[in-house]
Amino acid sequence: MTTSPQFPFEPAHSGLYRTPPALDLLQQAAARLGIAYFRLDLRQVSDKRNFLDACARAFGFPASFGHNWDAFADSVQDLSWHPGRGYLVHLQDVSDFARAAPHDYATAMEILGHAAAYWKARATTFIVLIDDAQDLPLFTA
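Residues numbered from 1 in each chain as written. Predicted model: local features only at pLDDT ≥ 70, side-chain atom pairs only at ≥ 80, totals over all residues. Heavy atoms only, no water.

What to know about the overall build of the protein
Thinking step 1. Broken down by element type, the protein carries 5 helices and 4 strands.
Thinking step 2. Projecting the C-alpha coordinates of the protein onto the three principal axes gives extents of approximately 45 × 30 × 20 Å.
Thinking step 3. For the protein, with 141 residues in total, the buried portion stands at 46%.
Thinking step 4. Long-range pairs, those at least 24 residues apart, make up 71% of the contacts in the protein between residues at least 6 apart in sequence.
Thinking step 5. A total of about 7,200 Å² of accessible surface is found on the protein, and carbon and sulfur atoms cover 50% of it. (Helix = DSSP H or I, 4+ residues; strand = E, 2+ residues; numbered from the N terminus. Buried < 20%, exposed > 50% of the residue type's maximum accessible area, 1.4 Å probe, protein only. Contact = heavy atoms within 4.5 Å. Areas by Shrake-Rupley, 256 points an atom, 1.4 Å probe, with all protein chains shown as cover.)

Quick word on unusual backbone geometry
Thinking step 1. One non-glycine residue, Gln44, lies in positive phi territory at about 75°.
Thinking step 2. Relative to the helices and strands, Gln44 is located in the loop between strand E2 (35–41) and helix H2 (48–59).
Thinking step 3. The phi torsion at His67 lies on the positive side, around 55°, for a residue other than glycine.
Thinking step 4. Relative to the elements of secondary structure, His67 occurs in the loop between H2 and helix H3 (69–76).

A look at H3
Thinking step 1. The buried count for H3 comes to 6 of 8 residues, which makes it a mostly enclosed element.
Thinking step 2. Where H3 is concerned, the buried positions are Trp69, Ala71, Phe72, Ala73, Ser75 and Val76.
Thinking step 3. Buried residues in H3 make contact with H2, helix H5 (102–121) and strand E4 (125–130).
Thinking step 4. For H3, the side-chain oxygen to backbone nitrogen distance between the N-cap and Asp70 is 3.1 Å, and the N-cap itself is Asn68. (Polar contact = N/O pair within 3.5 Å; in protein donor to acceptor, adjacent residues only side chain to side chain.)

Re the nonpolar core
Nonpolar side chains tend to gather and get buried jointly when the protein is soluble and globular.
Thinking step 1. Residues Phe51, Phe59, Phe72, Phe126 and Ile130 are the most contacted members of the largest nonpolar core, which totals 39 residues.
Thinking step 2. Broken down by secondary-structure element, the contributors of at least two residues to this core are E2, H2, H3, strand E3 (86–92), H5 and E4.
Thinking step 3. A total of 8 residues in this core trace back to one element, the largest contributor, which is H5.
Thinking step 4. Ignoring sequence-local partners within four residues, the contact set of Ile130 consists of Leu16, Tyr17, Arg18, Thr19, Leu91, Val94, Tyr105, Met109 and Leu136.
Thinking step 5. Counting 12 residues, the second-largest nonpolar core is a separate cluster that includes Leu26, Ala29, Ile35 and Leu88. (Core = buried A, V, L, I, M, F, W, Y, C linked by side-chain atoms within 4.5 Å.)

What to know about the sheet that holds E2
Thinking step 1. Read from one edge to the other, the open sheet built from 4 strands follows the order E1-E4-E3-E2, with strand pairing classed as parallel. Unpaired on one side and paired on the other, strand E1 (15–18) and E2 mark the two borders of the sheet. Taken pair by pair, the neighbouring strands of this sheet meet at an average axis angle of 20°, ignoring direction.
Thinking step 2. As defined by bridge partners, E2 adjoins E3 across 7 bridges and the pair is classed as parallel. (Pairing = 2+ DSSP bridges. Axes fitted to C-alpha atoms, helices over the stretch in contact; angles between N-to-C directions.)

What to know about the pattern of salt bridges
Thinking step 1. What the rule picks out here adds up to 4 salt bridges.
Thinking step 2. For Asp41, the salt bridge goes to Arg43, with nearest N and O atoms at 2.9 Å.
Thinking step 3. Overall, the relative accessible area of 29% leaves Asp41 in the partly exposed class.
Thinking step 4. Classification of Arg43 as partly exposed rests on a relative accessible area of 45%.
Thinking step 5. A salt bridge links Asp53 to Arg49; its shortest N-O distance comes to 3.7 Å. Of this pair, Asp53 and Arg49 both sit in helix H2, 4 residues apart, which is roughly one turn of the helix. (Salt bridge = Lys/Arg side-chain N within 4 Å of Asp/Glu carboxyl O.)

Brief notes about the packing of H2 against H3
Thinking step 1. At their nearest, the axes of H2 and H3 sit 11 Å apart, and the two run at 25° to each other. When the axis of H2 is compared with that of H3, the two are roughly parallel. With respect to the hand of their crossing, H2 and H3 are arranged in left-handed fashion. Across from Lys48, Phe51, Leu52, Cys55 and Phe59 in H2, the residues of H3 making contact are Trp69, Phe72 and Val76.
Thinking step 2. Among the residues making up the contact of H2 with H3, the classes are represented as 7 nonpolar, no polar and 1 charged. (Parallel < 35°, antiparallel > 145°, perpendicular 65-115°, else oblique. Left-handed = near helix turned anticlockwise from the far one by under 90°. Nonpolar A, V, L, I, M, F, W, Y, C, P; charged D, E, K, R; others polar.)

Okay, here's the thing in structure tokens:
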């Protein structure tokens, strides 16, 4: 009999990670624990505007979302319209965006890192998985 890995969904593990190979098992474990899952498809995203549009769709930001970095930072530190015991964000196919707009990519990662620290300080898990992010640790069981 095979057991599922036990991923560390504690607030202390909030942060940015490289996407693990067992993403499907991770999603299943998150669902069992009541962790909200957001998938951002960044294929063909080439600038800030496209990135923020993809975020608004994936997170279901309110219509009042301002489509700027401050509004993005505020929104990922609120998420009251999508309650969960924690949050798991998957940035899929991020390499096009990182290459096309490295400054915008860096700003987005900085904001998500601050959001992880914000949620961690409030004892809520906020984990961001980033495809092809070789400079980040792998999120593992």
